[in-house]
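These are the residues of each chain, in order.
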Amino acid sequence: MKLGIVGLPNVGKSTLFNSLTKAGAQAANFPFCTIDPNVGVVPVPDERIEKLGELYHTKKVTPATIEFVDIAGLVKGASKGEGLGNQFLSNIREVDAILHVVRCFEDPNVIHVDGSVDPLRDIEVINLELIFADLEVLERRYGKVGKTARMDKTAAKEAELIEKLKTHLEAGNLARTLVTEDEDELAYRKGYNLLTDKPVIYAANVAEEDLADDGASNAHVAKVREFAAKEGSEVFVISARIEEEISELSDEEKAEYLEAMGLKESGLEKLIRASYHLLGLMSFLTAGEDECRAWTIKIGTKAPQAAGKIHSDFERGFIKAEVVNYKNLLELGSLAAAREKGLVGIEGKDYVVQDGDVILFRFNV
């Protein structure tokens, strides 16, 4: 899974990136501190594979991962060259979802580029810059397709879609709000990689004192939640500064720190939950002496396609899948014991993989 981080300068974007990835991206109290895109890969905490690793005395435990791409802060007029322009938006065209960091804290010591804290105004500024960037992509594509549209039905259909998208965006709407069920149109849109077609998770960055009640008493957070609910986006409340402190601690110290603050989970865990929910993802597991590993797939994925996540040969030569729930495997202590109890299913091509399935794939190429 790949997430692109966007936001205005000084909203806590790079501080959050630092804390999530421990990558040490520069964070400072002035605009355009981040010039080159920062990339960090973070393991997804999953105690299931840790426990399976202990059961199998495995040589290697490999969690699923999330890749974060942090780009320079955008400002109003970036598409017209203000600030650093929107030149860095191309770096997040390939992401699965956008993580939009929104400032929801008051602090006179941290400059706001527009002089005051107003999360909905900030969201609108970023959305407009994403719209302008997408319009550029559509203009370029139309320049290629439009020439042959009169003589080619396929090109004509695509040109019609581009015009429809452009009209929608020019009215200030995001591409993802233009609903279509036409398979050809969906295929074209996937190829365009429009930023405003991607799902969004809002990270409401709050002061430390607003964390305990998950931002319930913060008026700025309430506005973001209301806005996100209307467009079907996810929101999670985080304090980038606290996350940065937590990132320096050991797992044991982190647990103690969170408990002392009255928190059940870290910001990273909140983000992972929001991401998986928004994108409709889950994990299946593989286990053995060599490696225990978590694999991220879409909910509803069938066994052969899940096998293909491991290797294309597994999908091509799929025969069957031996499936056991990880809880049953841990309780019984071995795959053989689970078989004896009749808890290992022999599944075929139509089996829909479930979250927490431990699977052994049989294939022949």
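Below or above, wherever it landed, is the structure these notes cover. Given the structure is predicted, the values throughout are model-derived calculations rather than measurements. The written sequence of each chain sets the order in which its residues are numbered from 1. Local features are withheld for residues below a pLDDT of 70 in this predicted model, meaning they are given only at 70 or higher, and side-chain atom pairs are given and counted only at 80 or more; totals for whole chains, interfaces and linings count all residues. Water and hydrogen atoms were dropped before computing side-chain values, which therefore reflect all heavy atoms in the structure.

## Topic: the nonpolar core
We count it as follows: Only buried Ala, Val, Leu, Ile, Met, Phe, Trp, Tyr and Cys residues count toward a nonpolar core, and they belong to the same one when joined by side-chain atoms within 4.5 Å. Note on classification: 1.4 Å probe, protein chains only; a residue is buried when its accessible area is under 20% of the maximum for its type, exposed when over 50%, partly exposed between these limits. Put simply, DSSP H or I for four residues or longer makes a helix, DSSP E for two residues or longer makes a strand, and each gets a number counted from the N terminus.
Leu16, Phe68, Leu99 and Leu271 are the most contacted members of the largest nonpolar core, which totals 67 residues. No other element matches the 7 residues that helix H9 (residues 267-279) contributes to this core.

## Some thoughts on the pattern of salt bridges
Convention followed: In the sections that follow, a salt bridge refers to a side-chain nitrogen of Lys or Arg positioned within 4 Å of a carboxyl oxygen of Asp or Glu.
Inspection of the entire model under this criterion finds 25 salt bridges. Residues joined in a network through salt bridges with shared partners are Asp46, Arg48 and Asp355.

## With respect to the packing of helix H3 (residues 119-145) against helix H6 (residues 219-231)
To keep it simple, the criterion reads: Only C-alpha atoms enter the line fits that serve as axes; for helices the fit covers just the stretch in contact. Angles between N-to-C directions range over 0 to 180 degrees. In what follows, roughly perpendicular refers to angles from 65 to 115 degrees, roughly parallel to angles under 35, roughly antiparallel to angles over 145, and oblique to any angle outside these ranges. Contacts are residue-level and defined by heavy atoms, with any inter-residue pair within 4.5 Å sufficient.
Axis separation between H3 and H6 bottoms out at 9 Å; the angle between their running directions is 45°. Classed by the angle they form, the pair H3 and H6 counts as oblique. On the side of H3, the interface is formed by Pro119, Leu120, Ile123 and Asn127, while H6 contributes His220, Lys223, Val224 and Phe227.

## Side note on the environment of Ile246
Tracing the backbone shows Ile246 in helix H7 (residues 240-246). Sequence-wise, Ile246 and Leu20 are 226 residues apart; in three dimensions their C-alpha atoms are separated by 9.7 Å. Those residues in contact with Ile246, other than ones at most four positions away along the chain, are Lys254, Tyr257 and Leu258.

## Quick look at the sheet that holds strand E5 (residues 97-103)
We count it as follows: Strands were regarded as paired on the criterion that DSSP finds at least two bridges between them.
The mixed open sheet is built from 6 strands, whose spatial order is E2-E4-E1-E5-E6-E7. Only two strands of the sheet have a single partner each, and these edge strands are strand E2 (38-43) and strand E7 (234-238). Between one strand axis and the next, the sheet turns by 25° as a mean value, whatever way the strands run. Relative to E7, strand E6 (residues 200-205) runs parallel, the two sharing 5 bridges. Across the sheet, Ala204 pairs through a bridge with Val237, a residue of E7. The sheet contacts of H9 involve strand E1 (2-6), E2, strand E4 (65-70), E5, E6 and E7, and relative to E7 the element is tilted by about 180°.

That is the geometry; function is a separate question.
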